[in-house]
Amino acid sequence: MSFQKYSGKTLEEALTNASLDKGVSSDELTYNITEEKSGFLGIGKSVEIEVYCEKDVEAFIQKYIETYFKNAQMDGSVEIINENGFYKITVNTSNNAILIGKGGKTLQAFNRLVKAAASAEFKKRVGLLIDVNGYKEDRYEKICKMAIRVAKDVRRTKVNAILDPMPADERKAIHNALSGMKNISTQSEGEGEGRRLKILYAPQKNEE
């Protein structure tokens, strides 16, 4: 369990104990009160809390991926960058091609697996994105170039286009790439793994 327990005579004291131990401010802690004793005439009063901070989330993700590699008999390194509570994870292994899979399908599934595990552990939605040795950056560049070509055709023919299904991060990359394009707008449609991006002719959009 990634939660640690701390106690004090008051909630404030318990949080102070936790923040001192973890080396972060009380504002950076997430906690649940697990036990509260009122005592007799104020004597013996105590509060116990379960606490974690973002460093604990990072540590869990790191250990989870390293354990996955070990169980799969894969070597690998893990680097995590925390961008305001969103975790960008870069992994590198001699089995990169296997971990990425055809069209990035295995990497998508691995991303969902780690995200679900972290979210279940900390009882909240944990945002993260796993890249394998720069694969995602190369992928973003490739699909954005493709989308720009399609968007130019849409603008020329005034006929909307629908792209193949892709994960949310890739749809966002294309949306950002086309956001400043004249007479072009984007819209997501579909559910789950079938969700895809539509590139729409937008005559009212004249900003460059």
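This text follows the structure it describes.
Predicted model, so just to flag it, every value in this text is computed and none were measured.

Novice: What is the right way to look at the side chain of Thr93 in this model?
Specialist: Relative to the assigned elements, Thr93 resides in the loop between β5 (86-92) and α3 (96-100). Using a relative accessible area of 6% as the deciding quantity, one classes Thr93 as buried. Among the polar contacts made by the side chain of Thr93, one reaches the main-chain amide nitrogen of Asn95 at a distance of 3.0 Å. In this view, Thr93 contacts Met74, Asp75, Gly76 and Leu99; residues no more than four positions away in its chain are not counted.

Novice: How should I be thinking about the sheet that holds strand β6 (residues 127-132) in this particular structure?
Specialist: With mixed pairing, three strands are arranged side by side in an open sheet as β4-β5-β6. Among the strands making up the open sheet, the edge pair consists of β4 (77-83) and β6. Put simply, the sheet's adjacent strands are angled 20° from each other on average, direction ignored. Two elements, β5 and β6, share six bridges in a ladder whose sense is parallel. Within β6, the position partnered with Lys88 by the bridge is Leu129.

Novice: Help me understand the pairing of β5, please; the structure alone is not making it clear to me.
Specialist: Side-chain positions along a regular strand alternate between the two faces of the sheet. Side chains Tyr87, Ile89 and Val91 of β5 all project onto a buried face; the interleaved residues Phe86, Lys88, Thr90 and Asn92 project onto a face where none is buried. A loop of two residues connects β4 with β5, the two strands running antiparallel in sequence, and Asn84 in this loop sits at a positive phi of about 55°.

Novice: I would appreciate a short explanation of the sheet that holds strand β9 (residues 196-201) in the present structure.
Specialist: The strands making up a sheet associate through backbone hydrogen bonding, with each pair oriented either parallel or antiparallel. Across the sheet, which stays open at both edges, the three strands sit in the order β7-β9-β8 with antiparallel pairing between neighbours. This sheet does not close on itself; its edge strands, each paired only once, are β7 (161-162) and β8 (184-189). Direction of pairing for β8 relative to β9: antiparallel, over a ladder of six bridges. Opposite Glu189, over in β9, you have Arg196 as the bridge partner. Helix α5 (residues 135-157) rests against β7, β8 and β9 of the sheet, and its axis sits at about 35° to β9. Docked against the sheet, helix α6 (residues 168-178) engages β8 and β9, running at close to 15° with respect to β9.

Novice: So what exactly am I meant to see when it comes to the side chain of Glu170 here?
Specialist: Mapped onto the secondary structure, Glu170 falls in helix α6. Here Arg139 takes part through its side chain, which lies 3.2 Å from a polar atom of the side chain of Glu170. Once you skip the residues sitting within four places of it in the chain, Glu170 turns out to touch Lys136, Arg139, Tyr140 and Ile143.

Novice: What is the right way to look at the pairing of β6 in this model?
Specialist: In terms of residue burial, β6 counts as a mostly covered element, since six of its six residues are buried. Along β6, one buried face is formed by Gly127, Leu129 and Asp131 and the opposite face, lined by Leu128, Ile130 and Val132, is buried too.

Novice: Where do I start with the packing of helix α2 (residues 54-71) against helix α4 (residues 105-122) in this structure?
Specialist: Two numbers describe a pair of packed helices, the interaxial angle and the distance between the axes. Where α2 contacts α4, the two axes come as close as 10 Å, and the packing angle between them is 135°. On the basis of their axis angle, the class for α2 and α4 is oblique. α2 and α4 meet at a crossing whose hand is right-handed. Contacts between α2 and α4 involve Asp56, Val57, Phe60, Ile61, Tyr64, Ile65 and Tyr68 on the former and, on the latter, Phe110, Leu113, Val114, Ala117, Ala118, Glu121 and Phe122. Its residues assigned to classes, the contact of α2 with α4 comprises twelve nonpolar, no polar and two charged.

Novice: Just checking my understanding: could you explain the nonpolar core for this structure?
Specialist: In globular proteins that are soluble, nonpolar side chains generally tend to be buried together. In this structure, Ile61, Ile65, Tyr87, Ile89, Val91, Leu128 and Ile130 are the most contacted members of the largest nonpolar core, which totals 26 residues. Those elements that place two or more of their residues in this core are α2, β4, β5, α3, α4 and β6. Element by element, the count of residues in this core is highest for α4, at six residues. If we skip the residues at most four places from it in the chain, Leu128 touches Ile61, Phe86, Tyr87, Ile89, Asn111, Val114 and Lys115.

About the cut-offs
Residues numbered from 1 in each chain as written. Predicted model: local features only at pLDDT ≥ 70, side-chain atom pairs only at ≥ 80, totals over all residues. Heavy atoms only, no water. Helix = DSSP H or I, 4+ residues; strand = E, 2+ residues; numbered from the N terminus. Buried < 20%, exposed > 50% of the residue type's maximum accessible area, 1.4 Å probe, protein only. Polar contact = N/O pair within 3.5 Å; in protein donor to acceptor, adjacent residues only side chain to side chain. Contact = heavy atoms within 4.5 Å. Pairing = 2+ DSSP bridges. Axes fitted to C-alpha atoms, helices over the stretch in contact; angles between N-to-C directions. Parallel < 35°, antiparallel > 145°, perpendicular 65-115°, else oblique. Left-handed = near helix turned anticlockwise from the far one by under 90°. Nonpolar A, V, L, I, M, F, W, Y, C, P; charged D, E, K, R; others polar. Core = buried A, V, L, I, M, F, W, Y, C linked by side-chain atoms within 4.5 Å.

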